[in-house]
Each structure stands twice: as structure tokens, then as C-alpha cells.
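Topology and contacts: notes
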Amino acid sequence: MSCVSLIADLVLSNSKAYIKGEILECSIAIEEDKYIKIGKQPQMPNADQKIDLHGLLVLPGLIDSHVHLRDEEKAYKEDFISGTSAAAAGGFTTVLDMPNNQPLTNSVEALRNRLDIAKSRSLVNVGLYSEFPENLTELPKIRQGGAVGFKLFMGCQMGGLNLDDDHVLEAGFRVAGEVGAVVAIHAEDKTQVTFSEQQFKKVRRNGVKEFLLAHTEQAEVQAIERVLRVSEGSNVHLHFCHITSKQGLEAVKEAKGASRSVTCEVTPNHLLLTSADTARFGMMAIMAPPLRDNVHKEALFEGVIQGDVDTIGSDHAPHTFEEKTVDSVWDVKVGTPGLETTLPLMLTLVEKRMLTFRRLVEVFVEKPAEIYGLTSKGKLENGKDADLTIIDYKQHWTIDSSKFKSKAKFSLYNKWEVIGKPVKTFVNGTLIMDAGEIVAKPGEGKVIRK
Ligand code: DOR
Ligand code: ZN
Ligand code: ZN
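Quick look at the structure, then. (Residues numbered from 1 in each chain as written. Chains lettered and ligands numbered in written order. Predicted model: local features only at pLDDT ≥ 70, side-chain atom pairs only at ≥ 80, totals over all residues. Heavy atoms only, no water.)

1. Focus: the overall build of the chain
Which entries qualify depends on this criterion: Here a strand is any run of E in DSSP of at least two residues, a helix any run of H or I of at least four, and the numbering for each starts at the N terminus. Only C-alpha atoms enter the radius of gyration; for comparison, a globular chain is expected to reach 2.2 Å times N to the power 0.38, where N is the number of residues. Buried residues are those whose accessible area, probed at 1.4 Å on protein chains only, stays under 20% of the maximum for their type, while exposed residues exceed 50% and partly exposed ones sit between those limits. In what follows, a contact means two residues having at least one pair of non-hydrogen atoms within 4.5 Å. Charged-residue counts in this description rest on Lys and Arg as positive and Asp and Glu as negative, His and the chain ends being excluded. A single reference atom marks each charge: NZ on Lys, CZ on Arg, CG on Asp, CD on Glu.
Looking only at helices and strands, the chain has 14 helices and 18 strands in total. Relative to the compact-globule value of 22 Å for 450 residues, the chain shows a C-alpha radius of gyration of 21 Å, a close match. Looking at the chain as a whole, 62% of its 450 residues are labelled buried. By sequence separation, contacts in the chain at least 24 residues apart represent 74% of the contacts at least 6 residues apart. One finds the centroid of the 54 positive side-chain charges in the chain at a distance of 2 Å from the centroid of its 61 negative side-chain charges.

2. Here we look at the site of ligand 1
Selection rule: For this description, a residue counts as near a given molecule or strand if any of its non-hydrogen atoms is within 4 Å of it. Definition of a polar contact: a pair of N or O atoms within 3.5 Å, with one able to donate and the other able to accept a hydrogen when the atoms are protein atoms, and with sequence-neighbouring residues admitted only if both atoms are side-chain atoms. For the area figures, the Shrake-Rupley method with a 1.4 Å probe applies, and any residue is considered shielded solely by the protein chains shown. Residues are grouped as follows: nonpolar covers Ala, Val, Leu, Ile, Met, Phe, Trp, Tyr, Cys and Pro; charged covers Asp, Glu, Lys and Arg; every other residue, Gly included, is treated as polar.
Near ligand 1, the surroundings consist of His68, Arg70, Asn100, Phe153, His186, Met287, Ala288, Ala317, His319, Val334 and Gly335. One nitrogen or oxygen atom from the side chain of arginine 70 is found 2.9 Å from an oxygen atom belonging to ligand 1. Bound to the protein, ligand 1 loses 92% of the 290 Å² it would expose on its own. Each residue belonging to the shell around ligand 1 can be placed in one class, and the counts come to five nonpolar, five polar and one charged.

3. Considerations on the pairing of strand S11 (residues 237-240)
Our working rule: Pairing between strands requires that DSSP locate at least two bridges from one strand to the other. When the strands point away from the viewer and the path from the first strand over the helix to the second turns clockwise, the crossover is right-handed.
The side-chain alternation of S11 yields two buried faces, one formed by His237 and His239 and the other by Leu238 and Phe240. Taken together, the four bridges between strand S10 (residues 182-186) and S11 define a ladder with parallel strand orientation. Bridge assignment links isoleucine 185 to a residue of S11, and that residue is phenylalanine 240. With three bridges joining them, S11 and strand S12 (residues 262-266) adopt parallel strand pairing. Looking at S12, one finds that histidine 239 is bridged to threonine 263. Handedness of the S11-helix H8 (residues 246-257)-S12 crossover: right-handed.

4. Remarks on the coordination of the zinc ion (ligand 3)
Rules: Coordinating donors are taken as N, O and S atoms within 2.8 Å of the metal, stretched to 3.2 Å for Na, K and Ca; because water is absent from the atoms, sites can appear incomplete.
On the protein side, the zinc ion (ligand 3) has His66 (NE2), His68 (NE2) and Asp315 (OD) as donor atoms, found 2.0 to 2.2 Å from it. In terms of primary sequence, the donors binding the zinc ion (ligand 3) are separated according to H-x1-H-x246-D.

5. Structural notes on the coordination of the zinc ion (ligand 2)
Within the protein, the zinc ion (ligand 2) binds to His186 (ND1) and His242 (NE2); these donor distances fall in the range 2.1 Å. Separating the zinc ion (ligand 2) from the zinc ion (ligand 3) is a gap of 3.6 Å. Note that histidine 186 is positioned in strand S10 and histidine 242 in the loop between S11 and H8, a separation of 56 residues in sequence. For the pair shown, histidine 186 and histidine 242 are each scored as buried.

6. Focus on the packing of helix H13 (residues 342-351) against helix H14 (residues 357-371)
We apply this condition: Axes here mean lines fitted to C-alpha atoms, for a helix over just the part in contact, with angles spanning 0 to 180 degrees between N-to-C directions. Oblique is the label for any angle not under 35 degrees, not over 145, and not in the 65 to 115 range, which are roughly parallel, roughly antiparallel and roughly perpendicular in turn. Should the near helix be turned anticlockwise from the far one by less than a right angle, the crossing is left-handed, and should it be turned clockwise, the crossing is right-handed.
Two numbers describe how H13 lies on H14: the axes approach to 10 Å, and their chain directions differ by 155°. Relative to H14, the element H13 lies roughly antiparallel. Between H13 and H14 lies a crossing of right-handed hand. Mapping the contact onto sequence places Thr342, Leu343, Met346, Leu347 and Val350 in H13 and Phe357, Leu360 and Phe364 in H14.

7. Notes on the side chain of arginine 260
Our working rule: Salt bridge, as used here, is a side-chain nitrogen of Lys or Arg placed within 4 Å of a carboxyl oxygen of Asp or Glu.
Structurally, the position occupied by arginine 260 is in the loop between H8 and S12. Although arginine 260 is buried, it forms no salt bridge, and the closest oppositely charged side chain is glutamate 232 at an N-O distance of 4.5 Å. One polar contact links arginine 260 to serine 231, side chain to side chain, over a distance of 2.8 Å. In this view, arginine 260 contacts Leu228, Ser231, Glu232, Leu238 and Ala255; residues no more than four positions away in its chain are not counted.

Printed below as a string of C-alpha cells:
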């Protein structure tokens, strides 16, 4: 039966779209911010606007569940406009922003202010994490205020939970579990890391090598095991961010085997680079947790292929060039930008047959949508949000960090040759990025309130 009664705002024709695990030739009709029809061209309703995609690949909009968009008092590094422009340019339609901001996002007021700022400035959809509040009775209110989850930095004291007290952590996990909020964890053991750091500082050992010696694999594994132990009695979902070690991944696998509600993420940095790159790049490649030896890189890659790794997050961590080029490693700002390199780097692996499209869509779309309960996203299906990442998967090009939309115009992948490029990004049915340019106004992205 034809659907003459339907009228669409937009029909995208001649696409190769990823639908239920297959790449199908089809057309896509969008009305306002939702898909209304996906099928053969003759079935398409009349539309005000038509775009011929000439065989480009269409994926449900990619979700990066780990970015630091800064803004507020750290807007000199990045703000919602530049950060979400970088997201749109990199093919991401939804990003989840970490709470280590200034002011720290860990109260109802801080969250509300930040959501207001994000609402007026964002070009893609943005959800906000909160750190834990000082007083746990505040936690359900922060959740009601819209936080997509709670972040727990185990490596340094940041939010309201005293990291030195297992009982306090236990209560935090229990309360987060009661309100159905995910807890995303930066797993590094604070005691181990700070002890080593102090020892090195005393004897003025300030190089990148010392950073790696302070931020060990053991510090990661110890934090993972501690979190798993103290959260055992709660029914919280734990999402371990940026796993970097073979043993860390094994600890997560074991917890899954024991039916714990646990998932984990890796970053492209830890899949593609090693500690040899830290030696080569120096301070620019300092991130926490740091790059590891090849054996870990290979184990993580195998984890992505096998499905033990659930999501890939960019851990987009913009800093100024000055902040990255200091003399002592203990003064350097940790992290590196990633929103504009993550997808092309992974598409290159698909082109080289090292990764399948199916896994790519799982780690960037389906799993993040499932973990964070973004039920209107993650699929090309009637009624879902029309967030689309459109890719020219044959395009060979060279990464040029001087062209980034991010304020952080440097990259560990500068001058890398890659295959596959996001060429259009639609957010809620609106074209945001076209051929690398931002073509919409800030505010087109929606804020996600859980
Ligand atoms: O490399 C990192 N950068 N690790 C973190 O834990 C924080 C992040 C940032 O905010 O720059
Ligand atoms: Zn982290
Ligand atoms: Zn991070």
C-alpha cells in the first residue's frame, strides 16, 4: 500500500543504511525530529525537501558517552559551541559530558545552570553526568534534575564521596542503584598513584616515564576490584571508563560472568597507541590512565572484536597548547582531544577488515543507547529520533588538527592517513554538519534529561 497520506519535511534518497545488522539500499523520510518511513523510494511520501545521498552510508547517530566539553570557567579550553561543533564534524549526534568542570557538576544548582547553558549553545544532543554530592540525600534530586549518570573519579578526590572510606562508597553505589542511575568510573587507585607521585616529586623526577610508573596497570586493577567489592550489595549498573589493561578487562569480564551489572569502555588512544608513543610525543601524549605496552593494546583490541568491550568513547579532553607544553609532568594537564578523529580512525579499521560494521555500530550506537537508557535513539526505525551520521566510507584523507572545530587544535593522529569520513550529520531531523562545515545555529541540539 502506498502512503500518499503522509507528508514529510525531508526525504533522504539513495542511501545505504545500517538497519537491523544489514546495510540496505533505501530512502528515509523524516517529519519534524522523527523518522516516519524507511523503505524503497516509491514508498516515500511527498516532502518539502529532498536530498540525494548518492549511495552514502547512513548510520543511526553516533553517541560518545565520554567527553569533557568544559565551558563555564574552563571555556578557554572548550565550550558547548566549539565542543559540539567538533562532535558534529566528527559524526557524533549525542555526547555525554563529564562533571569535572568549574564549578564542579555535583549539585542540583550546578546541573541546572549547566543544562541551561548547554541548551542554548549545543549543536548536537548533550547529556550531563554529575559527580557525587557531599550529601547523598541530594543524589535523587540531581537524578530528577536530569543527570544521565554519576561519575566517580577514583584517582583523585573530586566529588562528595570520601574515596578513603569503603562504607561511604558503598552508600553511594546503593543510593545510585536505588534511583536507577549508572555510575561511570575512572578506575585508578588514589593511594597508589599519589604515593608514587610524591616519591618522584621528592627526588625531582618529573618526566613522562615517571607518570607511567605512577599510573600503573595495578592501580587500575585495584580500583576496579575495590569498586566491584564495595558495590556488591547494591543493584547499581557500573560502567568502567577507559579500561587500559589486559588484567583490568579480565576483571570486568569476570564480573560479567558472575552476573554483575557491569559494562566497560575503551578509548581509541589505548587501542591504537602504546607507551612508545608517550616517549615519542612527550607531554602531549600524557593522559590518565596512560598509554600502555603492546600486550595491553592487543588485549583491548581483541576485547572490542569479541564484544567484551561494550563502548568506545573518545574521552575528548581539550586543553590549551600551553597547558600541554610544560616542563614537569606533574604540572601537565592530562588528556587529548578526540571527537574529530575517533570515527575516521575506527572506519579505517573497518576498511582494513580489522573490525566489522556490526561491532562499530554496537560500540558507538546501540550499547551506549542501551546503557544510558536513551530509548528513542540507537536505531533507524519509525518513531525514533532522526539523528543520523552519514559517511563516505571510501574517502581517503589526512587528519589535519589545525582544521579542528575543537579549540584544542592538536592531535596524536595529526597527518595520519585515514579511510572513511563523516560528511553529513543530522540531529533531530536538522542538518548540522555538511561537508565538514557547521550549517546550523547553536541551540539545535537538545539537552537530555533523564
Ligand atoms: O586524561 C584525562 N583527561 N583523564 C581524566 O581523568 C580527566 C581528563 C580531563 O578532564 O582532561
Ligand atoms: Zn577518566
Ligand atoms: Zn575523561
